[in-house]
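The lines below spell out each chain.
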Amino acid sequence: MGVGRFAPSPTGQLHLGNLRTAILAWLFAKSTGRQCLLRIEDLDRVRSGAEEQQLYELAAIGLEFDSPLVRQSERLPVYLDAIQSLRDKDLLFECFCTRKDISEAASAPHAAPGAYPGTCRNLSSEERAEKAKERPAALRLRAEVAQFTVHDEISGQYTGIVDDFVLLRNDGSPAYNLAVVVDDGAYGIDQVVRGDDLLSSAPRQAYLAQLLGMPIPAYAHVPLALNSKGQRLAKRDGAVTLEDLSEKGVNGAQIRAYLLESLGLPGTSLQAALDSFNPVALPREPWVVEPEFIVDQLMPPASRNR
């Protein structure tokens, strides 16, 4: 049996787009006989109380995840072990660049868009020692390829840049690309369903998984939720969270039905949606959310809060 996962960052309330992706991750996993784990990606910005809030929101729309609940903040030694294994293979190098340094170097005509330009890749030991006097070093992967191809359930074959990306920041904290790969490998996650804004990171992560001797998961990068201006949905767009809608009298079951119907699935229950689920039939375009009309769509006039 394989394993899928949903992996939110506890930075605030989950909006409708996040909840829709969570449902999709659950449906993809369960429709293929997999377990579905919940992982809290709390290595970076964390808002107090956000984890508990997100757990409540997921439960309110009926999602139940398999054990264990994983928190990245509790797994730092595991990430450092992975760093050491790559260091032992001479696959890391110290980088002293600031974001400004990289931005200015990457703007050169010969640089691939979005790729690290290799500034610190071949520094001598003397040069590294001199730069270390000014700022601590991050650790970057010494990539041996320039690009890597993955297969995505939604997008098909996708080839993206693989540069010398950061694995350990200069404050000693593991970078996102390292942590997700190590965790996916450690928990047997062989299916990754997430928003298509992360598709460009899949080649880097798949390549790193290969270097660490871990299997490359099956990917499905699903369309994002956007506002009417074509921008990524956010709390500033209005009543787009479970809490906001609850204040207007909408309950979790109604929100779940609304999300399922946006996917062309029956909104009566998660089980009914699972019985009808077919990845081939999923919408391929972004989901446009207009918060001002949600309550009108979900509730009869007589039952709305005034």
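Note that this is a predicted model, so its numbers are computed, not measured.

Time to look at the pattern of salt bridges. Evaluation of the coordinates by the stated rule reveals 16 salt bridges. When the shortest N-O distance is used, the salt bridge between Glu94 and Arg128 registers 3.7 Å. Taken together, the residues span a long stretch of sequence, with Glu94 in strand β4 (residues 92-95) and Arg128 in helix α5 (residues 125-132) at a distance of 34 residues. Residue Arg128 is classed as partly exposed on the basis of its relative accessible area of 30%. Note that Arg204 and Asp163 form a salt bridge whose closest N and O atoms lie 3.0 Å from each other. Of the two residues, Arg204 sits in helix α7 (residues 202-211) while Asp163 sits in the loop between β7 (156-161) and β8 (166-168), which places them 41 residues apart along the sequence. Taking the relative accessible area as the measure of exposure, Arg204 reaches 15% and is therefore buried.

Orientation of helix α6 (residues 176-186) relative to α7, taken along the N-to-C sense of each, is 55 degrees, at an axis distance of 9 Å. Taken as axis vectors, α6 and α7 run oblique relative to one another. In terms of crossing hand, the pair formed by α6 and α7 is right-handed. Contacts from Tyr176, Asn177, Leu178, Val180 and Val181 of α6 reach α7 at Arg204, Gln205, Leu208 and Ala209. Grouping the amino acids of the contact of α6 with α7 by side-chain chemistry returns six nonpolar, two polar and one charged.

Quick look at helix α9 (residues 252-262) now. Within an α-helix, residues lying three or four positions from one another point in the same direction, as the helix has 3.6 residues per turn. Counting buried positions along α9 gives eight out of 11 residues, so the element sits mostly inside the fold. Among the residues making up α9, those that are buried are Gly252, Ile255, Arg256, Ala257, Tyr258, Leu259, Leu260 and Ser262. Looking at the buried side of α9, the elements it contacts are α1 (16-31), α2 (50-60), α8 (242-247), α10 (270-276), β12 (287-288) and α11 (291-298). Two residues or fewer after α9 comes Gly264, characterised by a positive phi angle close to 75 degrees.

This part takes up the sheet that holds strand β1 (residues 3-6). Taking strand neighbours across the sheet as the criterion, the three strands line up as β1-β2-β3 in an open arrangement whose pairing is parallel. Two strands bound the open sheet, and with one partner strand each, they are β1 and β3 (66-71). Recorded for the sheet is a direction-independent mean angle of 30 degrees between the axes of neighbouring strands. Relative to strand β2 (residues 35-40), β1 is paired through four bridges, and the arrangement is parallel. Across the sheet, Phe6 pairs through a bridge with Leu38, a residue of β2. Where α2 meets the sheet, it contacts β1, β2 and β3, and its direction lies at approximately 155 degrees from that of β2.

Basis of the calculations
Residues numbered from 1 in each chain as written. Predicted model: local features only at pLDDT ≥ 70, side-chain atom pairs only at ≥ 80, totals over all residues. Heavy atoms only, no water. Salt bridge = Lys/Arg side-chain N within 4 Å of Asp/Glu carboxyl O. Helix = DSSP H or I, 4+ residues; strand = E, 2+ residues; numbered from the N terminus. Buried < 20%, exposed > 50% of the residue type's maximum accessible area, 1.4 Å probe, protein only. Axes fitted to C-alpha atoms, helices over the stretch in contact; angles between N-to-C directions. Parallel < 35°, antiparallel > 145°, perpendicular 65-115°, else oblique. Left-handed = near helix turned anticlockwise from the far one by under 90°. Contact = heavy atoms within 4.5 Å. Nonpolar A, V, L, I, M, F, W, Y, C, P; charged D, E, K, R; others polar. Pairing = 2+ DSSP bridges.

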